[in-house]
Number of protein chains: 2
Amino acid sequence: MFSEEHRLAGVAYPEGFTAAGVRAGIKKSGNLDVAVIYTENRANVAGVFTQNTFAAAPVHVSKIVVGTGTAHAIVANAGCANACTGEQGLKNAEKMASIAAENLKCRQDDVIVASTGVIGVNLDMEKMEAGIKNAVSKLSREGSVNAGNAIVTTDTYSKACATAIEIGGKQVKFGAIAKGSGMIQPNMATMLCFITTDAAIDQKLLQSALSEITEVSFNMISIDGDMSTNDMVIVLANGAAGNPTITEKNADYEKFYSTLKNICTELAKKIASDGEGATKFLTIDVKGAETFEAAKQVGMSVAKSPLVKTAFFGEDPNWGRVVCAVGYSGIKIVPEKTVVKFGNIPVYENGLGTKYDDAALKKVMAAHDIVIEIDLGLGNFDATVFSCDFSYEYVKINGEYHT
Amino acid sequence: MFSEEHRLAGVAYPEGFTAAGVRAGIKKSGNLDVAVIYTENRANVAGVFTQNTFAAAPVHVSKIVVGTGTAHAIVANAGCANACTGEQGLKNAEKMASIAAENLKCRQDDVIVASTGVIGVNLDMEKMEAGIKNAVSKLSREGSVNAGNAIVTTDTYSKACATAIEIGGKQVKFGAIAKGSGMIQPNMATMLCFITTDAAIDQKLLQSALSEITEVSFNMISIDGDMSTNDMVIVLANGAAGNPTITEKNADYEKFYSTLKNICTELAKKIASDGEGATKFLTIDVKGAETFEAAKQVGMSVAKSPLVKTAFFGEDPNWGRVVCAVGYSGIKIVPEKTVVKFGNIPVYENGLGTKYDDAALKKVMAAHDIVIEIDLGLGNFDATVFSCDFSYEYVKINGEYHT
């Protein structure tokens, strides 16, 4: 579904969108660090933000923009999270928006602002001003790769995808860039995801779709259980495709919804798989729960367990740790009804470990992608959580950095 | 308060108690692995057990014993957790009690049973039978050190302490042994703590004291957030001191309570400090919360954060990660009222990082014991959580072991 060509086109793939990424000197490494995404047609905007009480300044500013329902641009930087920066931080986030607005000739409250990087440090606004101006001057249909690279921190690669579908006889395009990695690492904050589409869709429907989809995609990943101060998912829908505006939950909406869900799930999986120091991508399929929430809670309990994560790093089929994490999830469990499988091989059932084929299980554990299936046998609700293992590299990345 | 002499005397320090630890061949290492603690006078017994749904067989058996209110003995082994072992596991746990009862000439339901070690493997009951017989034959007032060593798994040392106080004109003694380490590691399960006292105290009061104290001691430690299938804290009170039996919450009870609390807190701290691969002992003092539960939740959120734990391993004063973990604890926080200190040095206040003395803070971070103080500024409730850092060694211990 997501081709390499589409990945490169990214957020500038949908009609009417341009993007750019430039070096402003905010990252110590000297890499790209300021991104701008722009749509000439004012877009309907939807957003989902971190629930961390210490939400960063750009989160506060962008929530207000989403509240207006429309936007023209996103301006983002990496290298400095502008979090725990008080009044000055808020002023700087607003200033980022006003610099972008001035250069893009749009209103300040039409500019979404996002930051990721070191916590507790103020943005260098001189560098930001020059960077934003430079980025605006470089906006193009080929700018998504640079924009994507400008928002990464410890990610090993920039996540992006794009696709096209047909709605009401028109081609409707979607594009996205995202970053993840640790949640706040070398003092870094954040998961950021920016999605563009030329679909015409009512803003309230767009927001409700994004909120629902975030619950079952980005909110189903756990790298290390930490929720950052800067997390943000934004969708801009500028209507340039010319499809009949989607104003109710009809067949067109279903098409739109499932495409947006595929994009978010794809990016969520890429973020989990590229977790700090990860050597394994773990898919935790919880089945047979009494509610979705219960299934998710069991999956998250397993996904967050350092003992489970280190076992998979060591390629050890340690089902005892999985069962244990299920057991303390807080959800009512019947041990005798619980079945645990690693890559389709049952390892625990009827209250006991199974006699499995050692060679076959060894092969499962040696793979990069491993599916842990947990059937609770209690109901009809499922949830899938994405995670990764804990490696020496995780400790190195997070322990050896000095502020 | 807890001298080296007392530590050696341990659970056999109070009048009427004897102990022993022997090699039965359950641990692959060939180390001591079966312990028996005995009191001739039948003791009142209290217990607190794991809330893990997959509680091990010995937990089920011992809960019944605690339900009877009295006991004569504790029999415990390391090397095999007898968890996820179904019907056979229950039979084996009962058999452990019956072998001990036969040799000690007491009733089977007067014997507490505990196990720690590999999950999903059955006990070798031939070895256990020989081991229990051998341990009973070796019971002595000098047996606590061996008993303590027989219950450890990946602990780097056996935890023990003892003390004496005066109640109603009589000397009343207390002793204890405990093990901790990872919660379930190299497939190992468990925190075990056995406390003996010659105090005369009503069983219901004893249970209520232990339940309350466990909440603020053992339940305040987090090594890695995993709650094992085998955790158990047991107190035996045999009345041999001859003090007037404590039957109400009077001054005698207060003395008893505060001593028991000191013992549990001391052992909880030792367990946290000896967490798997730990290089730092972290005390997280949360103050100014609206409730004790809120304070505890904030403390646990910080204690469990892998990003906080790796930062302290790296001696990095990364207050951003602490603030972030406070922010996603689920407790209502007012960032501007929150103050974070590392070893008395404020690092975050008024919504901002402080300008601290680098050299002084470096000294704090370089120490083995570090106090993280978090004042929420919202109320009058405090909670103290004990934790440790995450090191390469943790990943090594938990990732390199193969079942």
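You'll find the structure just up there.
A few points on the structure. The structure presented is a predicted model; accordingly, all values stated were derived computationally and were not measured.

Conventions and cut-offs
Residues numbered from 1 in each chain as written. Chains lettered and ligands numbered in written order. Predicted model: local features only at pLDDT ≥ 70, side-chain atom pairs only at ≥ 80, totals over all residues. Heavy atoms only, no water. Helix = DSSP H or I, 4+ residues; strand = E, 2+ residues; numbered from the N terminus. Rg over C-alpha atoms; globule rule 2.2 N^0.38 Å. Buried < 20%, exposed > 50% of the residue type's maximum accessible area, 1.4 Å probe, protein only. Contact = heavy atoms within 4.5 Å. Areas by Shrake-Rupley, 256 points an atom, 1.4 Å probe, with all protein chains shown as cover. Lys, Arg positive; Asp, Glu negative; His and termini not counted. Charge placed at Lys NZ, Arg CZ, Asp CG, Glu CD. Phe/Tyr/Trp six-rings, centres within 6.5 Å; stacked < 30°, edge-to-face > 60°. Salt bridge = Lys/Arg side-chain N within 4 Å of Asp/Glu carboxyl O. Arc of directions from axis to C-beta. Polar contact = N/O pair within 3.5 Å; in protein donor to acceptor, adjacent residues only side chain to side chain. Pairing = 2+ DSSP bridges. Axes fitted to C-alpha atoms, helices over the stretch in contact; angles between N-to-C directions. 1 Å grid on protein atoms, 1.4 Å probe; cavity = no way out; pocket = protein on both sides within 12 Å on 5 of 7 lines; lining within 4 Å. Points joined across faces, edges and corners; volume = space filled by probe spheres on them. Parallel < 35°, antiparallel > 145°, perpendicular 65-115°, else oblique. Left-handed = near helix turned anticlockwise from the far one by under 90°.

### Overview of the overall build of chain A
Scanning chain A for helices and strands turns up 12 helices and 15 strands. Its C-alpha radius of gyration of 22 Å places chain A within 12% of the 22 Å reference for a compact globule of 403 residues. Out of the 403 residues in chain A, the part that is buried amounts to 62%. Considering only residue pairs separated by 6 or more positions, chain A has 81% of its internal contacts joining residues 24 or more positions apart. Accessible surface computed for chain A: about 14100 Å², of which carbon and sulfur atoms make up 49%. Of the charged side chains in chain A, 37 are positive and 45 negative, and the gap between their average positions amounts to 2 Å.

### Let's talk about the packing of aromatic side chains
Enumeration over the complete set of coordinates arrives at 13 aromatic pairs over all chains. Their ring planes at 70° and their centres at 5.8 Å tell us that Tyr 348 of chain A and Phe 54 of chain B sit as a pair that is edge-to-face. Here Tyr 348 of chain A is found in strand E12 (residues 345–349), whereas its partner Phe 54 of chain B is found in the loop between strand E2 (34–49) and helix H2 (57–68) on a different chain. Exposure remark for Tyr 348 of chain A: the relative accessible area of 1% places this residue in the buried category. A relative accessible area of 4% means that Phe 54 of chain B is categorised as buried. Ring plane angle 70° and centroid distance 5.3 Å describe the contact between Phe 312 of chain B and Phe 342 of chain B, whose orientation is recorded as edge-to-face. Of this pair, Phe 312 of chain B sits in helix H9 (residues 306–313) while Phe 342 of chain B sits in strand E11 (residues 339–342), and the two are 30 residues apart along the sequence. Taken individually, Phe 312 of chain B and Phe 342 of chain B each receive the classification buried, so the pair is uniform in this respect. Through pairs of rings, three or more aromatic residues link up here, namely Phe 54 of chain A together with Trp 319 and Tyr 348 of chain B.

### With respect to the pattern of salt bridges
Residues and elements named next belong to chain A. Across all of its chains, the model carries 27 salt bridges over all chains by this definition. The closest approach of N and O atoms between Glu 212 and Lys 249, which form a salt bridge, is 3.8 Å. Of this pair, Glu 212 sits in helix H6 (residues 203–216) while Lys 249 is found in the loop between strand E9 (232–237) and helix H7 (251–273), placing the two residues 37 residues apart along the sequence. Relative accessible area serves as the criterion here: at 52%, Lys 249 is assigned to the exposed category.

### Let's talk about helix H11 (residues 358–366) of chain B
Residues spaced three or four apart along an α-helix face the same direction, because each turn holds 3.6 residues. Residue and element names in this part refer to chain B. For H11, the full list of buried residues reads Leu 361, Val 364 and Met 365. Angularly, the buried residues of H11 cover 95° about the axis, an arc narrow enough to put them on a single face. The exposed set on the far side of H11, more than 90 degrees from its buried face, consists of Ala 359, Lys 362 and Lys 363. Elements that come into contact with the buried residues of H11 comprise H9, E11, strand E12 (345–349) and strand E14 (369–375). With a side-chain oxygen positioned 3.0 Å from the backbone nitrogen of Ala 359, the residue opening H11 is Asp 357.

### Quick word on the sheet that holds E14 of chain B
Residues and elements named next belong to chain B. Strand order in the open sheet formed by seven strands is E8-E15-E10-E14-E11-E12-E13, with mixed pairing between adjacent strands. Strands with a single pairing partner mark the edges of an open sheet, and in this sheet they are strand E8 (221–222) and strand E13 (352–353). For E12 and E13, the ladder comprises two bridges, and the chain directions are antiparallel. Residue pairing for E13: Glu 349 is matched across the bridge by Leu 352. Of the strands in this sheet, E8, strand E10 (281–289) and strand E15 (381–388) touch helix H7 (residues 251–273), which is tilted by about 40° from E15.

### Thoughts on empty space enclosed by the protein
A probe matching the size of a water molecule, rolled over the atoms, marks out where space remains unfilled. All names here are of chain B. Inspection of the entire model under this criterion finds one cavity of 30 Å³ or more. In this structure, the largest cavity spans a volume of roughly 30 Å³. What lines the largest cavity is simply Ala 289, Glu 290, Ala 294, Ile 331, Lys 332, Leu 376 and Leu 378.

### Re the sheet that holds strand E11 (residues 339–342) of chain A
All names here are of chain A. Spatially, seven strands are ordered E8-E15-E10-E14-E11-E12-E13 in an open sheet, and the strand pairing comes out mixed. Both edges of this open sheet fall to strand E8 (221–222) and strand E13 (352–353), since each of them pairs with a single strand only. In this structure, E8 lies alongside strand E15 (residues 381–388), joined through two bridges in parallel fashion. Across the sheet, Ile 221 pairs through a bridge with Phe 386, a residue of E15. Sheet contacts for helix H10 (residues 319–327): E11, E12, E13 and strand E14 (369–375); angle to E11, the most-contacted strand, approximately 135°.

### Describing the side chain of Ser 158 of chain B
Residues and elements named next belong to chain B. When you line up the elements, Ser 158 lands in the loop between helix H5 (144–151) and strand E5 (159–167). Among the residues examined, Ser 158 registers a relative accessible area of 13% and is labelled buried. A polar contact is formed between the side chain of Ser 158 and the backbone oxygen of Gly 148, at a distance of 3.5 Å. Once residues lying within four places of it in the same chain are set aside, the contact partners of Ser 158 are Gly 148, Asn 149, Val 152 and Ala 178.

### Quick word on the side chain of Thr 338 of chain A
Following the sequence through the fold, Thr 338 of chain A ends up in the loop between H10 and E11. Within the structure, Thr 338 of chain A has its side chain in polar contact with the backbone oxygen of Val 334 of chain A (distance 3.1 Å). Setting aside anything within four residues of it in sequence, one finds Thr 338 of chain A in contact with Ile 333, Tyr 348, Glu 349, Asn 350, Ile 374, Asp 375 and Leu 376 of chain A together with Phe 54 of chain B.

### Some details on the packing of helix H8 (residues 292–304) of chain A against H10 of chain A
Residues and elements named next belong to chain A. At a minimum axis separation of 8 Å, H8 and H10 run at an interaxial angle of 135°. Between H8 and H10, the angle falls in the class oblique. Crossing of H8 over H10 shows right-handed handedness. Contact with H8, carried on its side by Val 298, Ser 301 and Val 302, involves Val 322, Ala 325 and Val 326 of H10 and no other residues of that element.

### Description of the pairing of E2 of chain B
Residues and elements named next belong to chain B. Here six bridges tie strand E1 (residues 17–22) to E2, and the two strands are oriented antiparallel to one another. Directly across from Ala 19, in E2, lies its bridge partner Ile 37. In this structure, E2 lies alongside strand E3 (residues 70–80), joined through seven bridges in antiparallel fashion. From the neighbouring strand, Tyr 38 faces E3, where its bridge partner is Ala 73. Relative to strand E9 (residues 232–237), E2 is paired through six bridges, and the arrangement is antiparallel. Within the sheet, the bridge partner assigned to Ala 46 lies in E9 and is Val 235.

### Concerning the pairing of strand E7 (residues 192–197) of chain A
Two faces, one strand: in a regular strand the side chains alternate between the faces of the sheet. Residues and elements named next belong to chain A. Counting buried residues in E7 gives six out of six residues, a clear majority hidden from the surface. Here E7 shows two buried faces, one formed by Leu 192, Phe 194 and Thr 196 and the other by Cys 193, Ile 195 and Thr 197. Alignment of strand E6 (residues 170–179) against E7, held across six bridges, turns out to be antiparallel. Residue Phe 174 lies in a different strand from E7, and its bridge partner there is Thr 197. Across six bridges, the pairing between E7 and E9 is parallel. Paired with Thr 197 across the bridge in E9 is Ala 237.

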